[in-house]
Protein chains: 2
Amino acid sequence: MLINSSQISAFEKRYRTNLINALSGFKSVNLIGTVNKKGQTNLAIFSSVVHLGAEPALIGFIQRPASVERHTYENITETGYFTINHVHEGIYRAAHQTSARYAREQSEFDETGLTPEYLNNFSAPFVKESLIKIGCSFKGEIPIPFNNTILIAGAIEQIVLDDELLMQDGHLNLQAAHTVAVSGLDHYYRAEELERLPYAKPGRRV
Amino acid sequence: MLINSSQISAFEKRYRTNLINALSGFKSVNLIGTVNKKGQTNLAIFSSVVHLGAEPALIGFIQRPASVERHTYENITETGYFTINHVHEGIYRAAHQTSARYAREQSEFDETGLTPEYLNNFSAPFVKESLIKIGCSFKGEIPIPFNNTILIAGAIEQIVLDDELLMQDGHLNLQAAHTVAVSGLDHYYRAEELERLPYAKPGRRV
């Protein structure tokens, strides 16, 4: 079937949101941990974390418009630090629950039972239960003018993970970490390995 | 274990690339189809496609620096159109092979056996074998100054998919589409459903 742009615009809001959110394919599931200057922690689930580059090591995510409350954004710009924590099969329900609209004075850590963990003198809280954790410093924000979202860029300052997840060539074993993926807003998946392919060169037949 | 930023900088290039590319979690796998004004087609695999917003319906991807050949970027800015095509279990090897450095006059369609398909008067080629295809118009480019990458934004003009993949509330059944995910640069996965969770509200225990 063909769905064109006028049909997309005419869809009921929730229907359109479901459809467009599913279109990009499987997405990563990460918890972003922050704290404000008063020590109030925040934890929020994001499916828009994206690799920006390896040298320098940069990672980003898309933040929704300024018209909604954005504790994550406020804490990052206030303190300059945030953590990105992989979500695995044991915590995806708690991770999803962080998307509820809690008041500013409530911490999603308290509300979902996930545990804030301060490691290696890093000022933002990691998620203790997560098996792959990334400490980032705020590199900058890039406004996306077409819909008033923002790309937040972070420099990777530290990586905390179980030794056995790091493979010999630097790659990570996400299946052993039970890292999950999401489709759309709410549909969670585990991943099962197909295969790792060699570096592609011209002339190879597939 | 802890890996800090000085260790990351000191890693051998390939090791660092593998590690940093795996850090964001599972990523979508999409083929971006384009054609230049002379009719020369191009097809390239991207793991950086990201949802930008549902109203208006926008989708984006990260394009590498201008210092490397970028046929996809050149064709998009020259013609104003591109397609995004989900990669499924039957075509992920061919999709990976599009990442080989083919010369400008070679089409990855010819080289990998994937079939260009022109549909609904859309000027950029879709991938016939793909089950979820998105026709986009070029909305604009946003430079990411920290590493000279670019966020390319597209407006969703049309969606082409099998009827049975569209669920009643607008969500897509990516497992039925056999859509794959990738970790790092080369590690392909199938997805197995855990569950779809309800909209999160404060006060719910998890």
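Details of the structure are given in the entry above.
Basis of the calculations
- Residues numbered from 1 in each chain as written.
- Chains lettered and ligands numbered in written order.
- Predicted model: local features only at pLDDT ≥ 70, side-chain atom pairs only at ≥ 80, totals over all residues.
- Heavy atoms only, no water.
- Helix = DSSP H or I, 4+ residues; strand = E, 2+ residues; numbered from the N terminus.
- Rg over C-alpha atoms; globule rule 2.2 N^0.38 Å.
- Buried < 20%, exposed > 50% of the residue type's maximum accessible area, 1.4 Å probe, protein only.
- Contact = heavy atoms within 4.5 Å.
- Areas by Shrake-Rupley, 256 points an atom, 1.4 Å probe, with all protein chains shown as cover.
- Least-squares fit on C-alpha atoms with pLDDT ≥ 70 in both.
- Salt bridge = Lys/Arg side-chain N within 4 Å of Asp/Glu carboxyl O.
- Patch = residues over 30% accessible without salt bridge, like charges linked within 9 Å, V, L, I, M, F, W, Y side chains within 5 Å.
- Lys, Arg positive; Asp, Glu negative; His and termini not counted.
- Charge placed at Lys NZ, Arg CZ, Asp CG, Glu CD.
- Buried area = accessible area lost by both parts, 1.4 Å probe.
- Polar contact = N/O pair within 3.5 Å; in protein donor to acceptor, adjacent residues only side chain to side chain.
- Pairing = 2+ DSSP bridges.

Some details on the overall build of chain A
Scanning chain A from N- to C-terminus turns up five helices and 13 strands. Taken against the 2.2 N^0.38 rule, which gives 17 Å for 206 residues, the C-alpha radius of gyration of chain A at 18 Å falls within 12% of a compact globule. When the backbone C-alpha atoms are referred to their principal axes, chain A occupies close to 55 × 50 × 30 Å. Scored against the burial criterion, the 206 residues of chain A give a buried share of 59%. Residue pairs in contact within chain A that sit at least 24 positions apart in sequence constitute 61% of those at least 6 positions apart. As displayed, chain A offers around 8,300 Å² of accessible surface, 48% of which is attributable to carbon and sulfur atoms.

Focus: the relation of the copies chain A and chain B
For the match of chain A to chain B, the screw axis carries a shift of 0.0 Å, the RMSD comes to 0.0 Å, and the turn is 180°. Such a combination of turn and shift is consistent with a two-fold rotation axis. Minimal C-alpha separation from the rotation axis in chain A is found for A:Ala191, amounting to 2.3 Å. Residue by residue, 99% of the interface of chain A is reproduced at the interface of chain B, so both copies engage with the same surface.

Let's talk about the side chain of A:Thr112
Of note, A:Thr112 is situated in helix H5 (residues 108-112). Apart from the residues within four sequence positions on either side, A:Thr112 is in contact with A:Ala94, A:Gln97, A:Thr98, A:Tyr102 and B:Val206.

Some points on the pattern of salt bridges
Tallied over the full model, the rule gives 16 salt bridges over all chains. A:Arg16 is the partner of B:Glu55 in a salt bridge, and the nearest nitrogen-oxygen pair spans 3.1 Å. Taken as a pair, B:Glu55 in the loop between strand E5 (50-54) and strand E6 (57-63) and A:Arg16 in helix H2 (residues 13-22) lie in two separate chains rather than in one. Accessibility expressed as a relative area gives 53% for B:Glu55, which makes it exposed. Owing to a relative accessible area of 7%, A:Arg16 belongs among the buried residues under this scheme. Within this structure, A:Glu89, A:Arg190 and B:Glu192 form a network of salt bridges that share partners.

Points about the environment of B:Ala176
With respect to the helices, strands and loops of the structure, B:Ala176 is situated in the loop between strand E11 (149-161) and strand E12 (181-183). Residues B:Ala176 and B:Glu192 lie 16 residues apart in sequence; the distance between their C-alpha atoms is 10 Å.

Quick notes on a positive patch on the surface
All names here are of chain A. There is a patch of like positive charges on the surface, built from Lys13, Arg14, Arg64 and Arg101. Structurally, the position occupied by arginine 101 is in the loop between helix H4 (92-97) and H5. Look at arginine 101 and you get exposed, because its relative accessible area is 64%.

Brief notes about the interface of chain A and chain B
If you look at the interface, chain A gives 105 residues, while chain B gives 105 residues. Surface buried jointly by chain A and chain B totals about 9,700 Å² across both partners, of which 62% is contributed by carbon and sulfur atoms. Here B:Asp186 makes a salt bridge to A:Arg196, at a shortest N to O gap of 2.9 Å. Across the chain A-chain B interface, the total number found is 48 residue pairs in polar contact (both at pLDDT 80 or more).

Side note on the sheet that holds strand E12 (residues 181-183) of chain A
In spatial order, the strands read E2(A)-E12(A)-E13(A)-E13(B)-E12(B)-E2(B); together these six strands make up an open sheet with antiparallel pairing. The open sheet has two free edges, formed respectively by strand E2 (27-28) of chain A together with strand E2 (27-28) of chain B, since each of these has just one partner strand. By the bridge criterion, two bridges tie E2(B) to E12(B) in an arrangement that is antiparallel. Note that in E12(B) the partner of B:Ser28 across the bridge is B:Ala181.

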